[in-house]
Amino acid sequence: MELTIKLLIKRTSGTQEMTVTVPDEASVLDALEVAYRQDTTLVFRHSCHHASCGSCGMIINSKEGLACITPINTVVGNNDIVRLEPMHNFPVIADLAVDTSSFLSKMERINRPLTRQDESQISIHALLSGETKAFDRFENCIECGLCVSACPIMATSPDHLGPAVLAAAGRLLQEPRGRFISQTLAAVNNPHGIWRCHSVFLCSEVCPADVRPAEAIVELQRQLIFVPKGEVKDEFTL
Amino acid sequence: MSSRTAIVIGAGSTGAAIAYDLSLRGFRVTLVERFGIASGTTGHNQAQLHSGARYAVNDPTSARECIEDNLILRQLMPDALELNDGLFIGLNEEHLAYRDIFLEACARCGIPARELTARQALELEPRLNPCLLVAIQVPDGVFDPYWYTLSFVATARSHGAKIMTFTEVIGLDVQAGRVQVRDRTTGKTYYMGCDAIINAAGPWVPKVAALADIHVEVEASAGVMVTVKERPCNMVINLLAPPADADIVVPQRQFSILGTTSWMVVDPDDIPIPPEHVESIIRQADWMIPGIRKAPLLSCMAAARPLVRQTGSSGREVTRGYRCIDHAQDAAQGFFSIVGGKATTARSMGEKMADLVCTRLGVQAECRTKDEPLLSYRFGL
């Protein structure tokens, strides 16, 4: 079975309509790749094609999603049209590609990835040296930026840390692993951090990795409500 | 230190690692890529950080390269790797008979391998097929191919490299040392000059070389990968048998990538996914890990491996080794191509290519990528 659909792509030069024919089970990204073969000036990001790299985030029919895991047959309406736009709240490089580097810098200030501890595993270090040591596992957050795009606060307050960054802070506080958390607490316990959030929960709704940033923010607010803003001491622990 | 200039074409793991190596040796490097970082073969990758065990029996050179780079990257690039080991499992008499050959080959290649009893293996990985006869644990791992490549890119940039994504090479004038590019974000075309042009475009290497009227042979061997939304195992699970189709389950984050297959394709930009490949991959994974076929399907993808063409062998038999080509042999001084290899060995591929470029350009500079820690992927965009 094949589908013929009209992609309405918001490009830098204006909206372009492109007709593509794809297998019934194709993803939005597959359809974009067919469109690229028709017009090689089309600019979009993609890499892993399975929701691991987080590079193909865009607005699909007015809602944030990863093109690679959005089956085209779930978004095509009766009129056979799918609308694609670049993510909100990021500078557009061209067409559907945006610049997420400032978001990644904020993430870097708050937390390092890879902090999940293993349950039962023996690592390479054990194999090589005979000692057993916990191994690391990727965090769930793929840093795609969909939550930043969906967040209504980010639209008017670019200084807001945003959902993913606050969720990363929440993750660090859950499992600090001996690291100082005071700086992170001070960074999120301020007007640009958790107290700017209006609990709209769109971030959790669009998150493709089940990180649930909104819940993490509410939990941080609950824990920090009696802590003076921006005045967290080094020895502070939750 | 050199003040020579190099243009590297293709920002997959190979091109990024070459740009990184050359920038550490003092080259002024420009990395050009027609899409974003790791948007070709590297991105669509099964994400297995190889210990080399898979290739130990039939392709020991590749196996040794894998374990060497595997051990180096563990030290230098921790945030793009998941160090969860791999398990080669035997489910029938044929697999059992392969055990000794496999263990001996791993020992010869310097790959730490530990035999587990079926009971030990099932304790570690309770979802494995209970018919398990034997299991061998090796230092495989999982990497995030995008973050992995971004990490090389980030570190190259910190050493002065210029990264030009969404920039397509449309012409090569090798004699004049000029590359013609089109900035796809603006549509503008222009020329860039340099001392060395390095074609690291993976399966697109022949297409880029053809711009200079040079013929390079690549076996574009496609593979299908199926991602399901479940993580039933901690380790990478391989069948204890010579490399074949659909014999690996790679757990990554909260899902698993099952694969893969191997067939020759003509156009790496257009690889249709044969439905029967998807079916056979899921069927075999379900033999290794019963019940995995019930997991929700997340995506199906395919990419072309840019293998070195050898006469008399194809697909699975082709070495996963790589070849650095000096096109001085085609009367094109200062133009180089690289084919073959694996994402796991990107660092040593970068080293060998940079060695070749330095030798041809008469540059004296040692490789430093074995000790220099890499920056976070977060600085790569």
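The next point concerns the overall build of chain A. Check the secondary structure of chain A and you find 10 helices and 9 strands. Relative to its full complement of 238 residues, chain A shows a buried share of 48%. The long-range share in chain A, meaning contacts at least 24 apart out of those at least 6 apart in sequence, stands at 61%.

Check the secondary structure of chain B and you find 8 helices and 21 strands. Compactness check: chain B gives a C-alpha radius of gyration of 21 Å against a globular reference of 21 Å for 381 residues, within 12% of the reference. With respect to the three principal axes, the spread of C-alpha positions in chain B is 65 × 40 × 40 Å. Here chain B, with 381 residues, has 59% of them falling under the buried criterion. Taking the contacts inside chain B whose residues are at least 6 apart along the sequence as the reference set, 74% of them involve residues at least 24 apart.

Turning our eyes to something else, we now look at the interface of chain B and chain A. In this assembly, 37 residues from chain B lie in contact with 40 residues from chain A. Where the side of chain B that touches chain A is concerned, the elements lending two or more residues are α5 (145-158) and β19 (297-308) of chain B. At 3 residues, β19 of chain B tops the list of elements feeding residues into the side of chain B that touches chain A.

This paragraph deals with the domain arrangement of chain A. All names here are of chain A. Domain annotation of chain A identifies domain 1 (2-97) and domain 2 (100-112 + 141-224). With centres defined by C-alpha atoms, the gap from domain 1 to domain 2 works out at 27 Å. Of the residues lining the interface, 13 residues belong to domain 1; the matching set on domain 2 comes to 14 residues. Considering every element that reaches the side of domain 1 that touches domain 2, the biggest residue donor is strand β4 (residues 63-66), with 3 residues.

Once that is clear, we can look at the pairing of strand β1 (residues 5-9) of chain B. Residues and elements named next belong to chain B. For β1, the buried fraction is high: 4 of the 5 residues fall into the buried class. As defined by bridge partners, β1 adjoins strand β2 (residues 28-32) across 5 bridges and the pair is classed as parallel. Each bridged residue has a counterpart across the sheet, and for T5 the counterpart in β2 is R28. Note on the crossover from β1 through helix α1 (residues 13-24) to β2: the handedness is right-handed.

Moving on, we come to the sheet that holds strand β12 (residues 189-193) of chain B. All names here are of chain B. Reading across from one edge, β10-β11-β12 is the order of the 3 strands in this open sheet, with antiparallel pairing throughout. Every other strand in the sheet has two partners, leaving β10 (167-173) and β12 as the edge strands with one partner each. Strand-to-strand, the axes of this sheet are offset by a mean angle of 30°, without reference to chain direction. As judged from the 5 bridges shared by strand β11 (residues 178-183) and β12, these two strands associate in the antiparallel manner. Bridge assignment links Q180 to a residue of β12, and that residue is Y191.

What follows concerns the domain arrangement of chain B. Residue and element names in this part refer to chain B. Assigned domains of chain B: these are domain 1 (5-42 + 146-217 + 320-379) and domain 2 (85-141 + 219-308). Relative to domain 2, the C-alpha centre of domain 1 lies at a distance of 31 Å. Counting residues at the interface gives 10 residues for domain 1 and 8 residues for domain 2. Only β20 (322-326) and β21 (335-340) provide two or more residues apiece to the side of domain 1 that touches domain 2. Its residues placed into classes, the side of domain 1 that touches domain 2 shows 5 nonpolar, 4 polar and 1 charged.

In terms of nonpolar packing, the biggest core is built from 200 residues, with A31 and L166 of chain A together with V8, A19, L31, I89 and I198 of chain B touching the most fellow members. A per-element tally of this core places α5 of chain B first, with 8 residues. Contact partners of V8 of chain B, with chain neighbours within four places excluded, come to G15, I18, A19, V29, L31, I198 and A200 of chain B.

Our next topic: helix α10 (residues 213-224) of chain A. All names here are of chain A. Helix length check: α10, at 12 residues, gives a terminal C-alpha distance of 16 Å against a target of 16 Å (1.5 Å per residue), a fit within 8%. P213, A214, A216, I217, L220 and L224 are the residues of α10 that are buried. The arc that holds every buried residue of α10, seen down its axis, measures 160°, which confines them to one face. Tucked into the core, α10 has its buried residues touching α5 (146-150), α7 (163-174), α8 (182-188) and α9 (202-206).

The rules behind the values
- Residues numbered from 1 in each chain as written.
- Chains lettered and ligands numbered in written order.
- Predicted model: local features only at pLDDT ≥ 70, side-chain atom pairs only at ≥ 80, totals over all residues.
- Helix = DSSP H or I, 4+ residues; strand = E, 2+ residues; numbered from the N terminus.
- Buried ≥ 20, exposed ≤ 12 C-beta atoms within 10 Å, placed from the backbone.
- Contact = placed C-beta atoms within 7 Å.
- Rg over C-alpha atoms; globule rule 2.2 N^0.38 Å.
- Domains from an automatic or database assignment.
- Pairing = 2+ DSSP bridges.
- Right-handed = clockwise from strand over helix to strand, strands pointing away.
- Axes fitted to C-alpha atoms, helices over the stretch in contact; angles between N-to-C directions.
- Nonpolar A, V, L, I, M, F, W, Y, C, P; charged D, E, K, R; others polar.
- Core = buried A, V, L, I, M, F, W, Y, C linked by C-beta atoms within 7 Å.
- Expected span 1.5 Å × (residues − 1).
- Arc of directions from axis to C-beta.

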